[in-house]
Amino acid sequence: MDRPYRIEIMPGVWLTAIQSRKFKSSYWSLRLLTPLTQETAAMNAVLPRVLRRGTASCPDQEQLAAALDEMYGGAIEPLVSRRGECHVFGFVASFLDDGLVPDETPLLDQAAQLLGELLLQPATRNGRLKSEYVDGERDNLVAEIKSLLNDKRSYANNRLIEEMCADEPFHINRLGGLEQAEKLNVTKLNRYYREVLATARMEVYYCGSADPQQVELAWREALMDLPRHEILDLPETIIRMPEGEKQVTDHLDVT
C-alpha cells in the first residue's frame, strides 16, 4: 500500500486517496465539515438523507437503486457524525473495485459522477428540494431523536456528555435537538443547502486499486459545478476541565 495521496482539488475541497489492491470493493466518502452548532445540527443531520432520496437523473429511490444495481450493486448511505467540535455529514459508498470489473466499464468515473450528482443535482421541484422528501426525512429524524430515550444506557451516556461538556459545542448531539428538528421545512433547508455548498470545508476519500491521479481527475470532473465562496474556518477543539464533582439525576418512567 502506497502512502496516502492528498491534494486540494478545489478551494476548501481536499482529496485523500489510498491505492490498495487488498479489497474487492473500493471505498468512497464525500464529507462536508461545518462548526458544530445547535442552530444547524438538525439540518446537517437531515440534509444527506434528503439528498439521498434522488437526483436529477434518478428522481426517486427506485430509479436510484436501479442505477446502483447497474454499477454491480454499488451502495451509498448518508453519514452524520461529530469530530471534535466539527459536524461531519455527507455520504459513504462502496463499489466493485475497478480491478475486478469484468469488462471495460468506467466504474471509477461513474461512481464519482453519481456521488457528485447526489450532492450538486438533487431531485428538485421549481428549483427547490422536494417538500415531500424534506418532510418525510424530518419526521424520520424527529422519531430517531425521540427514540434515543428508549435505550437507557445510550441515553445515560448522551446525558453524561451533555452535562460534562455543557460549556463546549461537543455537548450537541450529532442528530441535533428535537425542537430544531421539528421546525425544519423545505424553505429553511433549501436556503441552508445552497449556503453550505458554497462555504463548507469538504473532505473526499477513496481507497481502491485505481491510480490516485485518475481518482483526482474523476473527482475534479464530478465536482466542477460546485460553487465556492468564502470557506468557513473550522473551530479548534477546546477542552474545559470541570470544577469539582457534579451529580445529576434524571427521573424517568421505566417498565
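In case you missed it, the structure is sitting above this.
To start, this report covers the structure provided alongside it. (Residues numbered from 1 in each chain as written. Predicted model: local features only at pLDDT ≥ 70, side-chain atom pairs only at ≥ 80, totals over all residues. Heavy atoms only, no water.)

Bringing the packing of aromatic side chains into the picture now. This structure, assessed with the given rule, holds three aromatic pairs. Members of the aromatic cluster, connected to one another through ring pairs, are Trp28, Phe95, Tyr206 and Trp219. One cation-aromatic arrangement involves arginine 82 over phenylalanine 170; the distance from NZ or CZ to the ring centre is 4.3 Å. (Phe/Tyr/Trp six-rings, centres within 6.5 Å; stacked < 30°, edge-to-face > 60°. Lys NZ or Arg CZ within 6 Å of the ring centre and 35° of its normal.)

Regarding helix 2 (residues 61-70), the residues found buried are Leu64, Ala67 and Leu68. The arc that holds the buried residues of helix 2, viewed along the axis, is 100°, so those residues lie on one side. Every exposed residue of helix 2 that faces more than 90 degrees away from the buried side is listed here: Glu62, Asp69 and Glu70. Residues of helix 2 that are buried in the fold lie against strand 4 (75-83), strand 5 (86-96) and helix 3 (107-120). Of the residues that open helix 2, the one with a side-chain oxygen 3.2 Å from the backbone nitrogen of glutamate 62 is aspartate 60. (Buried < 20%, exposed > 50% of the residue type's maximum accessible area, 1.4 Å probe, protein only. Helix = DSSP H or I, 4+ residues; strand = E, 2+ residues; numbered from the N terminus. Arc of directions from axis to C-beta. Contact = heavy atoms within 4.5 Å. Polar contact = N/O pair within 3.5 Å; in protein donor to acceptor, adjacent residues only side chain to side chain.)

Our focus in this paragraph is unusual backbone geometry. For residues other than glycine, phi is negative in most cases, and the peptide bonds are mostly trans. At tyrosine 72, a residue that is not glycine, the phi angle is positive and equals roughly 60°. When you line up the elements, tyrosine 72 lands in the loop between helix 2 and strand 4. At asparagine 126, a residue that is not glycine, the phi angle is positive and equals roughly 55°. Tracing the backbone through its elements, the reader meets asparagine 126 in the loop between strand 6 (124-125) and strand 7 (128-129). On the basis of relative accessibility, which here comes to 79%, the residue asparagine 126 falls in the exposed class.

If you look at the biggest cluster of nonpolar residues, it comprises 63 residues, and the most contacted ones within it are Trp28, Leu119, Trp219 and Leu223. Counting residues per element, this core draws most heavily on helix 3, which supplies nine residues. Not counting residues within four places of it along the chain, the set of residues in contact with tryptophan 219 comprises Ile9, Leu15, Trp28, Leu30, Ala112, Leu115 and Val204. (Core = buried A, V, L, I, M, F, W, Y, C linked by side-chain atoms within 4.5 Å.)

Strand order in the open sheet formed by six strands is 1-2-8-3-5-4, with mixed pairing between adjacent strands. Taken across any chain shown, the strands that pair with only one partner, and hence form the sheet edges, are strand 1 (5-10) and strand 4. When the angles between neighbouring strand axes are averaged without regard to direction, this sheet yields 20°. As judged from the seven bridges shared by strand 2 (residues 13-19) and strand 8 (residues 201-208), these two strands associate in the parallel manner. Residue glutamine 19 lies in a different strand from strand 8, and its bridge partner there is glycine 208. (Pairing = 2+ DSSP bridges. Axes fitted to C-alpha atoms, helices over the stretch in contact; angles between N-to-C directions.)

So, about the pattern of salt bridges. The tally for this structure, following the rule as stated, stands at 13 salt bridges. Between aspartate 139 and arginine 138 there is a salt bridge; the shortest N-O distance is 3.3 Å. A relative accessible area of 43% places aspartate 139 in the partly exposed class. Between glutamate 203 and arginine 201 there is a salt bridge, with its nearest N and O atoms 2.8 Å apart. On the basis of relative accessibility, which here comes to 6%, the residue glutamate 203 falls in the buried class. Taken together, the shared-partner salt bridges in this structure form one network comprising Arg159, Glu162, Glu163, Lys246 and Asp250. (Salt bridge = Lys/Arg side-chain N within 4 Å of Asp/Glu carboxyl O.)

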